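Secondary and tertiary structure notes
Here is what each chain is made of, one letter per residue.
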Amino acid sequence: MIIDTFVCKYWTKGDYKMKLVFATGNKGKLREAAEILGEGFELVTPADLGIHDEVEETGDTLKANSILKAEDLWRRCGCDCFADDTGLEVDALGGDPGVHTARYAGESKDFNENMDKVLHELNVVECESHMAADYGLKIKKMPRTARFKSVVTLILDGRKYFFEGTLEGRIAKQKSGNGGFGYDPIFIADEYPDRSLADITEEQKNEISHRGKALRAMAEFLKNRG
Ligand code: IMP
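Residues numbered from 1 in each chain as written. Predicted model: local features only at pLDDT ≥ 70, side-chain atom pairs only at ≥ 80, totals over all residues. Heavy atoms only, no water.

Within the protein chain, the secondary structure is distributed over 5 helices and 8 strands. Along the protein chain, helices (α) and strands (β) appear in the sequence β-β-α-β-α-β-β-α-β-β-β-α-α when read from the amino end. Overall size of the protein chain, expressed as C-alpha extent along the three principal axes, is 70 × 30 × 25 Å. The long-range fraction of contacts in the protein chain, counting pairs at least 24 apart against all pairs at least 6 apart in sequence, stands at 58%. (Helix = DSSP H or I, 4+ residues; strand = E, 2+ residues; numbered from the N terminus. Contact = heavy atoms within 4.5 Å.)

Here is the structure:
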């Protein structure tokens with residue numbers, strides 16, 4: 001299906017609105033992106049264009065997967081579009097789940113199973129370090145520090161542009177909160193040290209988040225381009 005790029009930009013109520021296709025089927029991501037980008041943009045999803053299957057994320061970096069998603073969409077709809085690939089890096093797990101964040105606990109991409117696996121793996125590492133201490137080995141306390149990283153690939157008139165954002169924090173001992181999506185219930189951002197990302201408002205999350213930073217940089221770029 002080829003959609004003429006002309007239909008991707010249009011005027012409404014006297015204001016210029018830019019219509020972009022966002023390569024996601026994740027309702028949480030879509031809601032956040034629409035809020036972050038604000039009124040100057042209208043987001044369309046692949047599903048709105050009749051595209052329901054997702055490209056396989058076979059890249060070995062977030063950027064590679066972000067490009068895969070954006071290029072696949074561009075090939076299929078020919079429209080200005082962008083994709084976001086996000087990973088959670090946990091220091092005590094050597095940077096895992098990283099590029100495997102979506103499928104950490106298996107192909108079902110189940111949020112709860114993914115979070116349970118992170119909590120379990122951290123418990124294992126902490127137990128190992130306590131046992132080593134019992135044998136008289138000097139072990140540094142295991143940090144629970146972690147970060148979310150987002151890489152956004154924008155394809156505009158066939159050219160690619162990249163935007164990145166990071167949110168530093170740590171992994172909680174247990175899940176908390178009903179907001180957000182994905183790993184939010186186990187992530188505590190440095191800016192809100194007493195609450196998980198799922199405990200703060202969407203507005204507070206968007207202000208500090210990896211996705212907020214990357215998408216605001218993209219919006220700034222598009223506005224400056226005119
Ligand atoms: P992807 O970017 O769609 O491949 O997402 C990777 C994984 O990270 C999925 O399991 C998402 O649910 C999760 N994820 C992406 N963004 C966030 C976020 O802002 N908070 C928590 N989890 C997220």
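All right, on to the pattern of salt bridges then. Note that side chains of opposite charge can pair when their charged atoms are close. With the rule as written, the count across this model stands at 20 salt bridges. The shortest N-O distance in the salt bridge between D85 and K69 comes to 2.9 Å. Linking D85 in strand β4 (residues 81-90) with K69 in helix α2 (residues 62-77), this pair joins segments that are 16 residues apart in sequence. K69 gets classed as buried once you look at its relative accessible area, which sits at 11%. (Salt bridge = Lys/Arg side-chain N within 4 Å of Asp/Glu carboxyl O. Buried < 20%, exposed > 50% of the residue type's maximum accessible area, 1.4 Å probe, protein only.)

So, about the confidence of the model for the protein chain. Caution applies to low-pLDDT parts of the model: their predicted coordinates are not meant to be read in detail. With 90% of its residues at a pLDDT of at least 70, the protein chain reaches an overall mean of 91. For residues 1-8, every residue scores under 50 in pLDDT, and the model assigns this stretch 20 contacts once sequence neighbours within four places are set aside. (pLDDT = per-residue confidence, 0-100.)

Around the ligand, 17 residues are found, and the nearest of them are K29, T86, D184, H210 and R211. Contact distances for the ligand include 2.7 Å between an oxygen atom and a side-chain N or O atom of K29. Listed by contribution, the elements that provide at least two residues to the shell around the ligand are β4 and α5 (210-225). Here the element with the most residues in the shell around the ligand is β4; it accounts for 3 residues. Tallied by class, the residues present in the shell around the ligand amount to 5 nonpolar, 4 polar and 8 charged. (Near = heavy atom within 4 Å. Polar contact = N/O pair within 3.5 Å; in protein donor to acceptor, adjacent residues only side chain to side chain. Nonpolar A, V, L, I, M, F, W, Y, C, P; charged D, E, K, R; others polar.)

The next subject is α2. Taking 1.5 Å per residue, 16 residues should reach 22 Å; α2 reaches 23 Å between its end C-alpha atoms and fits that length. Here α2 has its buried residues at L62, N65, S66, I67, K69, A70, D72, L73 and C77. Once α2 ends, the next one or two residues include G78, with phi positive near 65°. (Expected span 1.5 Å × (residues − 1).)

We now examine the packing of aromatic side chains. With the rule as written, the count across this model stands at 4 aromatic pairs. Judged by centre distance (4.6 Å) and plane angle (45°), the ring pair of F148 and F187 falls under tilted. Of the two residues, F148 is situated in strand β6 (residues 145-156) and F187 in strand β8 (residues 187-189); the sequence distance between them amounts to 39 residues. Look at F148 and you get buried, because its relative accessible area is 5%. For F187, a relative accessible area of 0% translates into the label buried. Ring centres 4.7 Å apart and planes at 45° place the aromatic pair Y161 and F221 in the tilted group. In this pair, Y161 sits in strand β7 (residues 159-171) while F221 sits in helix α5, placing the two residues 60 residues apart along the sequence. The exposure class assigned to F221 is partly exposed, which follows from its relative accessible area of 24%. A connected cluster of aromatic rings, assembled from ring pairs, spans Y161, F163 and F221. Positioned above the aromatic ring of F162, the side-chain terminus of K63 is 4.1 Å from the ring centre. Taking NZ or CZ as reference, K117 lies 4.4 Å from the ring centre of Y104, over its face. (Phe/Tyr/Trp six-rings, centres within 6.5 Å; stacked < 30°, edge-to-face > 60°. Lys NZ or Arg CZ within 6 Å of the ring centre and 35° of its normal.)

Next up on the list: the side chain of R144. With respect to the secondary-structure elements, R144 resides in the loop between α3 (111-134) and β6. A distance of 3.0 Å separates polar atoms of two side chains, one belonging to R144 and the other to E126. A distance of 2.8 Å separates the side chain of R144 from the backbone oxygen of I171, its partner in a polar contact. Residues within four places of R144 in sequence aside, it is in contact with L119, L122, E126, G169, R170, I171, A172 and K173.

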